[in-house]
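Summary of structural features
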Amino acid sequence: MPTPRRSPEAPQVLRKHWALLTAATTLPLALTTSVGVADAAPAATASCTYTPAVPADNFKGIPVFDAKKAAQPYSATLRTTQGTITFQALTDKAPCTTFSFRFLAERDYFDRSHCHRLTTERIFVLQCGDPTGTGSGGPGYSFPDENLTGATYPAGTVAMANAGPNTNGSQFFFTWKDTKLSPAYTPFGRVTAGLDVLQKIAAAGSDSQNNPGDGYPNLVPTFKNVKITKR
């Protein structure tokens, strides 16, 4: 299978949209996407409103929150070209986020997409979930942050990438090593199998097209499929 690559203009797109944030460690961080905010999404998770937003890549519709279904525990198994990663969804702590992830996964939204960003210095993340592979794609809606109070990001955390408060869409990241981030990215899962896969990808490094140790992964993980299993 040919290795998927970005279009020539993608590095400029990424640099434009990955704003620098600052963590408690004062290290510069870039974990943003360009998912647009059509209208400000409500901050209260209780309402869990999914607000239409641009872009709408590989559009699968806009979910309607179902509290009963959202409360059901599940695990997600992501089969990639580099190995399989499984995580337990934190449905009790981030119901809006986990409901959205399940909505997209059950509609094959992530299939044949690839992880487009790897960082190996200062922060240690693999960012995925953009069907365009550019870092600027989104599902056609946004939703509010949750589970941020006291949030930490040890190795094996699955959390949302964003473009500012309450701009979550489809892009998410794995931490392949303990990392210091400001509590601004909704944690919604914990890797239960496949941390070694993430570490293998990280060990191969990136092309550093954004900054040293920050770019497109040399060992590209493409999602074959994402399966949801009730638990």
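How each quantity is defined
- Residues numbered from 1 in each chain as written.
- Predicted model: local features only at pLDDT ≥ 70, side-chain atom pairs only at ≥ 80, totals over all residues.
- Heavy atoms only, no water.
- 1 Å grid on protein atoms, 1.4 Å probe; cavity = no way out; pocket = protein on both sides within 12 Å on 5 of 7 lines; lining within 4 Å.
- Points joined across faces, edges and corners; volume = space filled by probe spheres on them.
- Helix = DSSP H or I, 4+ residues; strand = E, 2+ residues; numbered from the N terminus.
- Nonpolar A, V, L, I, M, F, W, Y, C, P; charged D, E, K, R; others polar.
- Disulfide = S-S within 2.5 Å.
- Salt bridge = Lys/Arg side-chain N within 4 Å of Asp/Glu carboxyl O.
- Buried < 20%, exposed > 50% of the residue type's maximum accessible area, 1.4 Å probe, protein only.

The final tally for this structure, using the stated rule, is 1 cavity of 30 Å³ or more. Per-element tally for the lining of the largest cavity: the top contributor is helix α3 (residues 95-105), with 4 residues. Of the residues contributing to the lining of the largest cavity, the split by class is 5 nonpolar, 4 polar and no charged.

In the structure shown here, the tally under the stated rule is 2 disulfides. For Cys-48, the disulfide goes to Cys-96, at an S-S distance of 2.3 Å. Looking down the S-S bond of the Cys-48 and Cys-96 bridge, the torsion is 105 degrees, so its handedness is right-handed. Here the residue Cys-48 occupies a position in the loop between β2 (28-29) and β3 (51-56), and Cys-96 occupies one in helix α3, the gap between them amounting to 48 residues.

Across all of its chains, the model carries 3 salt bridges by this definition. The residue Asp-214 makes a salt bridge to Arg-117 at a minimum N-O spacing of 2.8 Å. Here Asp-214, found in strand β12 (residues 214-215), pairs with Arg-117, found in strand β6 (residues 117-119); they are 97 residues apart in sequence, far enough to count as distant. An identical accessibility class is assigned to Asp-214 and Arg-117; each is buried.

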